[in-house]
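Observations on chain architecture
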Amino acid sequence: MINLNQLPFWVELCVAALLLLSSLFALSGALGLVRLKEFFQRMHPPALASTMGTWCVALASILYFSALKQGPVLHAWLIPILMAITVPVTTLLLARAALFRKRMSNDNVPEEVSSRGERGN
């Protein structure tokens, strides 16, 4: 079994920096969520922050466990790849649902555009 004290200082420093950077991304996403006024504006910061924060945590995990095992450990890449796929899809679905609700309540929103580029009813 490998002693945790055997990890080089630069590995610990890089892992700590990546985890700190991830927490700063999460904080900036939370601040953007609180400070922005409209729903459509509030969707952007958390989506970007969660994606970037996930990449930082995954990179820290890969670096730490690769150094601990003394070989490449790359299965943690699966998490940010799945996040990079699911976060934009979820954001798009939330935006479409909010736009649909605004249209149903007769709010002032842009007209619907069909797939052929024509304006809706």
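Now for a look at the structure at hand.

Conventions used here
The numbers attached to residues start from 1 for each chain and follow its sequence in the written order. Residues qualify for local features only when their pLDDT is at least 70, as the model is predicted, and side-chain atom pairs are given and counted only at 80 or more; totals for whole chains, interfaces and linings, by contrast, use all residues. Side-chain descriptors were evaluated using all non-hydrogen atoms of the structure, hydrogens and water having been removed beforehand. Put simply, DSSP H or I for four residues or longer makes a helix, DSSP E for two residues or longer makes a strand, and each gets a number counted from the N terminus. Under the scheme applied here, a residue whose accessible area is under 20% of the maximum for its type counts as buried, over 50% as exposed, and between as partly exposed, the area being computed with a 1.4 Å probe on protein chains only. By the criterion applied in these results, polar contacts are pairs of N or O atoms within 3.5 Å in which, for protein atoms, one can donate a hydrogen and the other can accept it, and in which residues neighboring in sequence qualify only through two side-chain atoms. Residues are treated as being in contact if the distance between any of their heavy atoms lies within 4.5 Å. Any pair of Phe, Tyr and Trp rings, taking the six-membered ring for Trp, is counted once the centres come within 6.5 Å. Such a pair is stacked with planes under 30 degrees apart, edge-to-face with planes over 60 apart, and tilted for the rest. Note on terminology: a nonpolar core comprises buried Ala, Val, Leu, Ile, Met, Phe, Trp, Tyr and Cys residues joined through side-chain atoms within 4.5 Å.

1. Remarks on the side chain of Ser66
Mapped onto the elements of the fold, Ser66 is located in helix α3 (residues 44-69). Taking relative accessible area as the criterion, Ser66 reaches 16% and is therefore assigned buried. Here the side chain of Ser66 touches Ile62 through a polar contact of 2.7 Å, landing on its backbone oxygen. Leaving out residues up to four positions away in the same chain, Ser66 has contacts with Gly71, Pro72 and Val73.

2. Topic: the side chain of Thr54
Looking at the element boundaries, Thr54 is found in helix α3. The residues touching Thr54, leaving out its near neighbours within four places in the chain, are Ile79, Pro80 and Met83.

3. A short note on the environment of Leu59
Checked against the element boundaries, Leu59 lands in helix α3. Residue contacts for Leu59: discarding those within four places in its chain leaves Leu18 and Trp77.

4. Quick notes on the packing of aromatic side chains
Scanning the entire structure with this criterion turns up 3 aromatic pairs. A ring pair is formed by Phe39 and Phe40, whose centres lie 5.7 Å apart and whose planes are at 75°; its orientation type is edge-to-face. Residue class for Phe39 comes out partly exposed when judged on its relative accessible area of 34%. Judged by relative accessible area, Phe40 falls into the partly exposed class, the value being 33%. A centroid spacing of 5.1 Å and a plane angle of 85° characterise the contact between Tyr64 and Phe65, whose relative ring orientation is edge-to-face. Take Tyr64: its relative accessible area is 24%, and that puts it in the partly exposed class. Overall, the relative accessible area of 42% leaves Phe65 in the partly exposed class.

5. A closer look at the nonpolar core
Core analysis: the largest hydrophobic core is formed by 5 residues, namely Val11, Val15, Leu18, Cys56 and Ala60. Taken together, the elements giving at least two residues each to this core come down to α1 (9-35) and α3. Excluding residues within four positions of it along the chain, Val15 makes contact with Ala60, Leu63 and Tyr64.

6. Digging into the environment of Ile79
By the element assignment, Ile79 lies in helix α4 (residues 78-104). Residue classification places Ile79 among the exposed residues on the basis of a relative accessible area of 52%. Here the alpha-carbon distance between Ile79 and Ala58, two residues 21 residues apart in the chain, equals 7.2 Å.

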